[in-house]
Each structure stands twice: as structure tokens, then as C-alpha cells.
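Here is what each chain is made of, one letter per residue.
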Amino acid sequence: MARTKKAEVPEYDRGAWEYLTFAPGHECSACKRKVGPLEPVRRAVVDRASGAPAVSYRHNKCPSVQAVAA
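So, a few notes on the structure that sits alongside this text. (Residues numbered from 1 in each chain as written. Predicted model: local features only at pLDDT ≥ 70, side-chain atom pairs only at ≥ 80, totals over all residues. Heavy atoms only, no water.)

## A word on the overall build of the protein chain
Then step 1. Along the protein chain, the regular secondary structure elements total one helix and three strands.
Then step 2. Secondary structure of the protein chain in N-to-C order comes out as β-β-β-α.
Then step 3. When burial is assessed residue by residue, the protein chain has 19% of its 70 residues classed as buried.
Then step 4. Contacts spanning at least 24 positions in sequence make up 43% of the contacts within the protein chain whose residues lie at least 6 apart. (Helix = DSSP H or I, 4+ residues; strand = E, 2+ residues; numbered from the N terminus. Buried < 20%, exposed > 50% of the residue type's maximum accessible area, 1.4 Å probe, protein only. Contact = heavy atoms within 4.5 Å.)

Take a look at the structure:
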């Protein structure tokens with residue numbers, strides 16, 4: 001049986017985020033809170049080894065990321 005290549009864990013960097021948008025009802029990838037109707041979020045697409053690319057959203061000014069940076 002052939003060994004399969006291990007999937008690499010995607011890294012998020014500021015340049016990978018595509019654009020600023022609104023995505024009410026989706027979950028922030030950093031703080032895991034639901035995005036409100038008027039909260040701006042950044043959108044990114046992450047390639048997965050086992051299927052179609054996954055879309056990820058993160059608050060533009062996420063409370064959890066700001067707490068770590070401070």
C-alpha cells in the first residue's frame with residue numbers, strides 16, 4: 001500500500017485575505033463568534049487536500065486578534 005502525502009496546514013497571513021465584505025451569520029475563524037449583519041469581515045479561500053477549497057471569514061478588527069497583539 002502506498003503512503004499518502006500528509007496534508008499541510010494552511011497558514012493565514014494578512015496578504016492572503018482577498019477582500020473586505022459582509023457575511024452575516026458566518027463564523028469568524030479567529031474568535032468563533034457569529035458575524036453580525038453590519039460587521040465587516042475579510043474573506044479568504046483555503047485549498048484543502050481532500051476536496052473543494054474552503055471559504056474562511058475573519059472580523060476586520062477581530063477582538064481575539066487584538067487582545068493577542070496588545
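Once the structure has been displayed, the description carries forward.
## As for the sheet that holds strand β3 (residues 54-59)
Then step 1. If you trace the three strands from one edge of the open sheet to the other, you get β1-β2-β3, paired in antiparallel fashion. Every interior strand has two partners, whereas the edge strands, β1 (19-22) and β3, have only one. Strand-to-strand twist across the sheet, computed as the mean angle between neighbouring axes with direction ignored, equals 45 degrees.
Then step 2. Pairing of β1 with strand β2 (residues 40-46), which is carried by four bridges, proceeds in the antiparallel orientation. Paired with Y19 across the strands is R43, a residue of β2. (Pairing = 2+ DSSP bridges. Axes fitted to C-alpha atoms, helices over the stretch in contact; angles between N-to-C directions.)

## Here we look at the pattern of salt bridges
Then step 1. According to the stated counting rule, one finds two salt bridges in the structure shown.
Then step 2. For R43, the salt bridge identified is with E18, shortest N-O distance 2.5 Å. Separated by 25 residues along the polypeptide, R43 in strand β2 and E18 in the segment before β1 bring together distant segments of the chain.
Then step 3. Since its relative accessible area comes to 18%, R43 is described here as buried. (Salt bridge = Lys/Arg side-chain N within 4 Å of Asp/Glu carboxyl O.)

## Points about the environment of R42
Then step 1. Examined against the element boundaries, R42 turns out to sit in strand β2.
Then step 2. Since its relative accessible area comes to 22%, R42 is described here as partly exposed.
Then step 3. Once the C-alpha coordinates of R42 and W17 are considered, the two residues, 25 residues apart in sequence, prove to be 6.0 Å apart.

## Some thoughts on the environment of R43
Then step 1. C-alpha separation for the pair R43 and S56, spaced 13 residues apart in sequence, amounts to 5.8 Å.
Then step 2. In this view, R43 contacts W17, E18, Y19, T21, V55, S56 and Y57; residues no more than four positions away in its chain are not counted.
Then step 3. There is a polar contact of 2.5 Å between the side chain of R43 and the side chain of E18. (Polar contact = N/O pair within 3.5 Å; in protein donor to acceptor, adjacent residues only side chain to side chain.)

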